[in-house]
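Report on the structure
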Amino acid sequence: MTEIALSVKDIRKSFGNVEVLKGISFEARRGEVISLIGQSGSGKSTLLRCINRLEEPGGGEITLEGETLRTITDRHGNVRVADKRQLERMRMRLGMVFQNFNLWSHMTILENIIEGPRQILGKSRDEAIAEAEALLDKVGIRAKRDQYPSQLSGGQQQRAAIARALAMNPSVMLFDEPTSALDPELVQEVVQVIRALAAEHRTMVMVTHEMSLARDISSQVIFLHQGRIEEQGPPAEVMGNPRSARLRQFLRMEE
Ligand code: ADP
Ligand code: MG
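About the criteria used
- Residues numbered from 1 in each chain as written.
- Chains lettered and ligands numbered in written order.
- Predicted model: local features only at pLDDT ≥ 70, side-chain atom pairs only at ≥ 80, totals over all residues.
- Helix = DSSP H or I, 4+ residues; strand = E, 2+ residues; numbered from the N terminus.
- Buried ≥ 20, exposed ≤ 12 C-beta atoms within 10 Å, placed from the backbone.
- Contact = placed C-beta atoms within 7 Å.
- Pairing = 2+ DSSP bridges.
- Axes fitted to C-alpha atoms, helices over the stretch in contact; angles between N-to-C directions.
- Near = placed C-beta within 6 Å.
- Nonpolar A, V, L, I, M, F, W, Y, C, P; charged D, E, K, R; others polar.
- Parallel < 35°, antiparallel > 145°, perpendicular 65-115°, else oblique.
- Left-handed = near helix turned anticlockwise from the far one by under 90°.

**What about the overall build of the protein chain?**
A tally of helices and strands in the protein chain yields 9 helices and 12 strands. Taking all 255 residues of the protein chain together, 40% fall into the buried category. Here the contacts in the protein chain between residues at least 6 apart in sequence split such that 64% fall between residues at least 24 apart.

Here you go:
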């Protein structure tokens, strides 16, 4: 098995004439936490969406656990994935947690968590439930298992969404501003869960505005500006001793 869990190489993406990702490359070793920071509109979400192919990048390569997703360009110049099965396999190994939780509203919390393991991994109901309960314990909402998402607070819903992603046993977890939609008093309960995942060496790529979280758990912080990596390095360097005026200003605004 390779040391590198995720390799992102020269990812580009345009919407119409606007190039929003201008060649992004980085690697996440196993157990690493990478935080993506940057102003609104700098391309952070688009980058995560290109990694799990919610968006098809216009160029570049994603390699997950040594497996590179091949793309082909058709005669109209459209880029698409060469092998749909490979895409599904790779997506399954990426856990995604969104800003707005995205739980299925018509399913209970337990049903939300066992759906993927049942339908995609082919687990038995009993096995899926046993694992779901352990995950609900881990994120501290076991008592909510038979409730519907709307009956939970935002913080509880986000913890359920994290449990749902973990239930697929992903190689890499992707978080897109997991605490941004939460009332301030609920942020810490989600932050605590993410800290616990970092402590058990989960590989994670996280977009966040929680600067203290990024500083504490990241092995690398990447500052995106207008679709490019402007600075990258250990948090002590990037956040403690920023080189560019833009990053200094960004950090001042975030404090
Ligand atoms: P961030 O997450 O850093 O705030 P985004 O990745 O959401 O930034 O957006 C980067 C840029 O791409 C923005 O200018 C945004 O308006 C644009 N963009 C994102 N998604 C789309 C889309 N589906 N169609 C057109 N433009 C988009
Ligand atoms: Mg975003």
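Now that the structure has been shown, the text picks up again.
**Brief notes about the sheet that holds strand β12 (residues 228-233)**
Within the open sheet, the 6 strands sit side by side as β8-β9-β10-β3-β11-β12. Their pairing is mixed. At either end of the open sheet lies a strand with only one pairing partner, and these are β8 (94-97) and β12. Taken over all neighbouring pairs, the strand axes of this sheet differ in orientation by 15 degrees on average, direction set aside. Inspection of the sheet shows β8 paired to strand β9 (residues 172-176) by 4 bridges, in the parallel sense. Paired with L94 across the two strands is V172, which belongs to β9.

**Overview of the site of ligand 1**
Around ligand 1 sit F15, V20, G38, S40, G41, S42, G43, K44, S45 and T46, and those are all the residues in its vicinity. With 3 residues, helix α1 (residues 44-51) is the largest single contributor of residues to the shell around ligand 1. The residue inventory of the shell around ligand 1, partitioned by class, reads 2 nonpolar, 7 polar and 1 charged.

**Some remarks on the pairing of β12**
Direction of pairing for strand β11 (residues 220-225) relative to β12: antiparallel, over a ladder of 5 bridges. What sits directly across from L224, in β12, is I229. In this antiparallel pair of consecutive strands, β11 and β12, the connection spans 2 residues, and Q226 shows a positive phi of 45 degrees.

**Structural notes on the packing of helix α5 (residues 154-166) against helix α6 (residues 184-199)**
One can describe the packing of α5 onto α6 by two numbers: an axis separation of 8 Å at closest approach and a directional angle of 20 degrees. In terms of axis orientation, α5 runs roughly parallel to α6. In the crossing of α5 with α6, the sense of the turn from one axis to the other is right-handed. Across from G154, G155, Q158, R159 and I162 in α5, the residues of α6 making contact are L186, E189, V190 and V193.

**A few points about the sheet that holds strand β1 (residues 4-15)**
One open sheet holds the 4 strands; their spatial order is β2-β1-β4-β5, and the pairing between them is antiparallel. At either end of the open sheet lies a strand with only one pairing partner, and these are β2 (18-29) and β5 (67-68). Sheet topology places β1 next to β2; 9 bridges connect them, and they run antiparallel. In the strand pairing of β2, S7 is matched with E27.

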